[in-house]
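# Summary of structural features
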Amino acid sequence: SPPRRPLPSRAMFTLPSSVLLLSSLLLVLINLHVAASFALSMSSAPVLVFGATGHCGREVVKKLTEKGIETHAFVRDVEKAAKMLPEGMPLHEGDMADPQAVLAAFKASQAKRVFLSCNNGAHQLSCETNVVDQAIKSSVDHLVKLSTAPCAVKMGPHYAVEQALEEGSIKYTSLRPHYFYQNLIQKTIAVGGEYDPAQVVPAKTFKSHLSRGVQSMVDTRDVAMAAAAILALDEEGLRTHESRDPIYVLTGPAAFDMRQAAAEMSEVLVGDASRTAIQCEHEDVEQTLSKFPEAAKTHLITFFNAIAAECTAVTDDLQLLSNHKPRTFAQFLADHKHEFGVE
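Okay, so let's go over this structure. Once a new chain begins, its residue numbering starts again from 1 and follows that chain's sequence as written. Selection of residues for local features in this predicted model requires a pLDDT of at least 70, selection of side-chain atom pairs for listing and counting requires 80 or more, and totals for whole chains, interfaces and linings are taken over all residues. By convention in this description, side-chain values take in all heavy atoms of the structure and omit both hydrogens and water.

Since there are 3.6 residues in each turn of an α-helix, residues three or four apart along the chain are aligned in direction. Strands here mean DSSP runs of E at least two residues long; helices mean DSSP runs of H or I at least four residues long; both are numbered from the N terminus. To estimate how far a helix should reach, multiply one less than its number of residues by 1.5 Å. Compared with the 24 Å implied by 1.5 Å per residue over 17 residues, the 24 Å span of helix α12 (residues 294-310) between its first and last C-alpha is a close match. Whether a residue is buried, partly exposed or exposed follows from its accessible area with a 1.4 Å probe, protein chains only, as a fraction of its type maximum: under 20%, in between, or over 50%, in that order. All of the buried residues in α12 are Lys297, Leu300, Ile301, Phe304, Ala306, Ile307 and Ala308. Any two residues having at least one pair of non-hydrogen atoms within 4.5 Å are treated as being in contact. For α12, the elements touching its buried residues are α11 (285-288).

Here the distance between the centres and the angle between the planes together describe a pair of aromatic rings. In this analysis, rings of Phe, Tyr and Trp, with Trp reduced to its six-membered ring, are considered paired at centre separations within 6.5 Å, and the interplanar angle assigns stacked below 30 degrees, edge-to-face beyond 60, and tilted for intermediate values. Within this structure, the stated rule accounts for 8 aromatic pairs. Considering the side-chain rings of Phe256 and Phe329, the 5.2 Å spacing of their centres and the 40 degrees angle between planes classify their relative orientation as tilted. Of this pair, Phe256 sits in the loop between β8 (247-250) and α10 (258-270) while Phe329 sits in helix α14 (residues 329-335), placing them 73 residues apart in sequence. For Phe256, a relative accessible area of 10% corresponds to the buried category.

Moving on, we get to the sheet that holds strand β4 (residues 113-116). The strands making up a sheet are joined through hydrogen bonds of the backbone, oriented either antiparallel or parallel. We treat two strands as partners when DSSP finds at least two bridges between them. Reading across from one edge, β3-β2-β1-β4-β5-β6-β8 is the order of the 7 strands in this open sheet, with parallel pairing throughout. Here the strands that pair on one side only, and so sit at the sheet edges, are β3 (91-93) and β8. Between one strand axis and the next, the sheet turns through 20 degrees on average, direction left out of account. Of the pairings in the sheet, the one linking strand β5 (residues 142-146) to strand β6 (residues 171-177) comprises 5 bridges and is parallel in character. The residue bridging Leu146 from the neighbouring strand is Leu175, located in β6. The angle between two axes is taken between their N-to-C directions and runs from 0 to 180 degrees, where each axis is a line fitted to C-alpha atoms and a helix contributes only its stretch in contact. With respect to the sheet, helix α9 (residues 235-242) is in contact with β4, β5, β6 and β8, its orientation differing from that of β5 by roughly 55 degrees.

With 5 of its 5 residues buried, β5 lies for the most part within the structure. Here β4 runs beside β5; their pairing, made up of 4 bridges, is parallel. Each bridged residue has a counterpart across the sheet, and for Phe115 the counterpart in β5 is Val144. With its strands directed away from the observer, a crossover is right-handed exactly when the path from the first strand over the helix to the second travels clockwise. With helix α6 (residues 157-167) bridging β5 and the parallel β6, this β-α-β connection has right-handed handedness.

Now the structure itself:
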């Protein structure tokens, strides 16, 4: 048989340096085009944030500014807010219940998108419905409202505000988050009557009225990421979003009770592989609220019992909105060791 022809050496396939240079330049241009296309897919509409100094509001501001979105904040105290929000951020001072102040903020900011969050309390309904009214007058394109867990939404003003949005001439999204991880880094009755995060590790125990109920808790930062993702959509993306149901239930990746939370704290905060260093003891919700006036006590007992019993579902709404997997409780603890007094 005839001798085989030798295979070409690698040297025979070497491209001239001029071709390699052109190829490299082409790749750079392609990457620049992709980056520019991505930038163009983001909204250029200014956003006005109500509740910008709250836990979720601050994170929304952070995420929007990271995306390069022009972001304004409506605040009660400019001097205080300036210390909490990004330097140079436009601040509009006033009371959320004051129609003139809110309308002036819309005119000054030229905002077409809104994030609305408000502290729970006696004035929440008047504040939030006023913002909705002024947003409609200002021809706002879209409003994202921070609501509450589905099981509790009809117990307070959130539902009335959602109804006002539904009946008004404004597109909106209502985010209904379950119980926040961040409750555990505050002294709050949302955990227990005497709960103090700084004492959890030294005392190796804490009491909670949620020890016998399972909740799919969620990180405030993830809720903010979902809100910012909606507010940053370009016009086409926003139209697609608005064609869907406006209500989303935001949860973490798993449901667990406070005893299981204590086991996770043992491992992450103390380094106890047996997960028994920190214990959660049950506290009756009536004991937690023993110092409250009777009317408030009755309402809160109903609220906390609902949270304990009905916030069990885990949804994929958060990932659908933000294209981001929700943080686990262990990740939250690792990021907040300092609040528990752990260096």
